[in-house]
Structures are given as C-alpha cells and as structure tokens.
Amino acid sequence: MTRFGIQLPSFSGFDAATLFEHIAGLATAAEESGFDSVWVMDHYFQLPALGGPDQPMLEAYTLLGALAARTQRVQLGTLVTGVTYRNPAILAKIVTTLDIVSRGRAILGIGAAWYDVEHRGLGVDYPSDGVRLDMLEEAVQVCRAMFTGDDVSFTGKHYRLDHARNLPRPVRPGGPKIMIGGGGEKRTLRLVATYADQCNVTGDVSTLARKIEVLHRHCADVGRDPAEVDITWMTPLILTTSGENTTEMRGILAASASADEVAGFTIGQPHEIPDLVAGHIEAGADEVIFSAPFADPAAIAAVGRAFALEKVG
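Residues numbered from 1 in each chain as written. Predicted model: local features only at pLDDT ≥ 70, side-chain atom pairs only at ≥ 80, totals over all residues. Heavy atoms only, no water.

(A) A look at unusual backbone geometry. Following Leu167, the chain continues into Pro168 via a peptide bond in cis, with omega recorded as 0°. Mapping Pro168 onto the fold places it in the loop between β7 (160–164) and β8 (177–181). You will see that Arg103, though not glycine, has its phi angle at about 60°, which is positive. Inspection of the secondary structure assignment puts Arg103 in the loop between α3 (88–101) and β5 (106–111). Non-glycine residue Ala308 carries a positive phi angle of around 55°. Structurally, Ala308 is set in the segment after α11 (297–306). Under the relative-accessibility criterion, Ala308 is labelled exposed at 65%. (Helix = DSSP H or I, 4+ residues; strand = E, 2+ residues; numbered from the N terminus. Buried < 20%, exposed > 50% of the residue type's maximum accessible area, 1.4 Å probe, protein only.)

What follows is the structure, encoded as structure tokens:
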C-alpha cells in the first residue's frame with residue numbers, strides 16, 4: 001500500500017515566538033489526517049526558490065525532536081541531511097536520540113549536500129562532488145554500524161572511529177532506517193543499492209521510472225533484492241482553489257523556471273491530487289512525499305481526505 005508524507009520546508013510569515021506552534025500544528029494535522037511521515041529540510045539558510053538566506057530557517061534535528069514530543073505515530077526525518085554538516089558518528093547519536101524521543105519513529109535521510117552558498121556562509125568545507133560522495137559512502141557505513149552495534153571502530157579516508165559507543169540503543173529494531181536522497185545514476189543510486197533502506201528521488205513519471213530501473217540494475221550488480229529498498233518520491237505541492245487558479249499557477253512557474261525544474265511539481269485542487277500522482281505510484285513509488293511550503297492545517301486535511309487516508313485518534 002502506498003504511503004504518503006508531508007515535508008515542511010518553509011518558516012516564513014510568523015513571529016519567532018509563534019513559529020514553532022505553527023509548525024507543530026502542521027505536523028499534528030498531517031498525523032491526524034492519516035499521513036505516514038513528516039519531514040523537514042536539513043538546511044541552515046532557506047533555499048533560493050523559497051526566498052533564500054533572508055528568510056527564516058530552523059535547525060532540523062532540534063525541530064524534529066520537538067515534533068517527536070507533539071506527535072504519536074508519524075515517521076520523522078530529514079529530506080535530507082547534508083553529509084558535510086556533521087561528523088557521521090555524532091549524526092548517528094543525534095538520530096538515535098530522535099529515535100528514543102519518538103519511540104522508534106526516526107529515519108536518517110542523508111545525501112551528498114549541494115547548497116554551496118550555505119557552506120560558504122557558515123564556514124563549512126565544500127569539497128568536490130566526488131569527494132562528497134566518498135564521504136557519503138563512509139558516513140552511511142558509520143551510521144549503520146552505530147545503529148546496530150555499541151562498540152564501533154572504523155577506518156576510512158574521511159572518518160575514523162575508535163571504539164565509539166552509542167548508548168542507549170535505538171528503539172527501532174535494527175536502528176533507524178537509512179534513506180539516501182538524490183538521483184545520481186552512477187554513484188548515488190549504487191550507494192542506495194549497497195547501503196540504504198530507502199531512496200528519495202524527484203522528477204516526472206518517466207524520470208522516476210528510469211531511476212527505478214537504474215536502481216534495480218545496481219541491486220542486481222551488488223546482489224541485493226530490490227524489494228528491500230523502498231522508493232520514495234518527493235514532489236513540491238501547490239494547492240489551488242479553481243481551474244483558473246491552477247492555470248495561473250502553471251503559467252507563473254513556466255515563466256520562472258525551466259520545464260525540467262517544474263516537471264515533478266504537483267499543482268491542482270485537493271480533490272485532483274490523487275489523479276495527478278497516480279502515474280508515479282504506478283511507476284513504482286512506495287511513498288509520495290509532498291513538499292508543502294504554503295500549506296495550512298486545513299489544506300493538509302483536505303489532501304488527506306482526497307486520498308481517503310484513515311484518520312487517527
């Protein structure tokens with residue numbers, strides 16, 4: 001059965017004193033409306049498409065810990081943590097703590113990072129693409145070892161652990177699931193096939209189908225059953241109020257971004273959303289994650305009703 005998630009990427013328009021209650025309200029609305037997961041971005045500066053560094057941004061894992069205390073059922077994670085931002089052993093400890101606070105609902109989303117402006121601004125090293133992918137390969141090994149063992153030593157080119165401890169242990173049996181984000185067909189999807197429980201990709205139906213085909217080839221190469229890897233697809237969601245509004249929004253996007261950039265967007269009225277993502281589900285998406293920068297609790301509930309998701313409580 002297809003799962004559905006909500007990503008909360010925007011923190012604009014609210015006073016700092018009321019911002020968390022707003023975000024918590026969105027997360028609890030998603031849970032009460034039957035969504036399976038709630039995600040935040042792991043960035044320190046807001047992304048260019050959502051206003052850039054002049055707009056507010058909350059630190060991901062502090063926020064997820066607070067949301068864990070406000071929710072009961074939804075999975076919680078980042079889409080996705082940049083490997084450059086934290087030593088992976090420390091990251092494993094952070095995600096283990098989130099798993100404990102949430103009673104087994106943490107997911108480690110991780111990727112090779114890309115936002116160079118953020119790195120420069122904060123003084124974080126931003127090595128080449130190849131080096132960051134090498135770091136990612138070592139990092140997922142470190143995190144898996146920390147999730148599944150308590151006395152971990154590791155020697156790599158970028159990271160070294162000497163009898164690292166991780167107590168208390170994660171609540172989820174086997175530790176938090178590891179999601180690798182990104183659709184790079186040569187390295188990233190091969191890392192998914194080798195190390196991850198989930199992948200996260202974007203794009204239109206044909207792009208998704210191609211990424212799944214490539215992933216399955218990598219799984220065959222490394223001797224992995226592709227059924228062991230969940231396919232998650234993230235789509236920016238723009239809800240509209242009428243057919244005219246939908247046409248208007250599509251025109252605005254077409255004028256401001258390339259066709260490739262907007263190909264994976266979902267734009268329409270709440271009752272139209274199931275039909276708009278049906279092709280991706282048919283292509284193989286195990287979970288559809290809506291990135292909803294402009295949603296309010298009522299809109300989240302409306303999308304949940306459109307999919308007839310079972311409400312809890």
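There is more to say, and it comes next.
(B) Local environment of the environment of Asp116. Relative to the helices and strands, Asp116 resides in helix α4 (residues 116–122). Along the backbone, Asp116 and Pro127 are 11 residues apart, and their C-alpha atoms lie at a distance of 9.6 Å.

(C) The arrangement of the nonpolar core in detail. Formed by 81 residues in total, the largest nonpolar core has its most connected members in Phe35, Leu108, Ile110, Leu136 and Phe290. The greatest single-element share of this core, amounting to nine residues, is contributed by helix α5 (residues 129–148). Apart from the residues lying within four places of it in its own chain, the contact partners of Leu136 are Val83, Ile110, Gly111, Ala112, Ile180 and Leu191. Core analysis: the second largest hydrophobic core is formed by six residues, Ile107, Met179, Met234 and Ile289 among them. (Core = buried A, V, L, I, M, F, W, Y, C linked by side-chain atoms within 4.5 Å. Contact = heavy atoms within 4.5 Å.)

(D) Structural detail: helix α8 (residues 243–256). Given a rise of 1.5 Å per residue, 14 residues ought to cover 20 Å, and the 20 Å separating the end C-alpha atoms of α8 matches this to within 8%. Residues Asn245, Thr246 and Leu253 constitute the buried set of α8. Down the axis, α8 shows its buried residues gathered within 100° of arc, on one side only. Looking at α8, the residues exposed on the side facing more than 90 degrees away from the buried face are Glu244, Thr247, Ala254 and Ala255. Against the buried residues of α8 lie β10 (230–239), α9 (259–262) and β11 (266–268). (Expected span 1.5 Å × (residues − 1). Arc of directions from axis to C-beta.)

(E) Molecular detail of the pairing of strand β3 (residues 75–78). Across four bridges, strand β2 (residues 37–40) lies against β3 in parallel orientation. Note that in β3 the partner of Val40 across the bridge is Thr78. Handedness of the crossover joining β2 and β3 through helix α2 (residues 60–70): right-handed. Note: β3 against β5, two bridges, orientation parallel. Residue pairing across strands places Leu76 opposite Ala106, the latter belonging to β5. (Pairing = 2+ DSSP bridges. Right-handed = clockwise from strand over helix to strand, strands pointing away.)

Worth remembering: the numbers are spatial, not functional.
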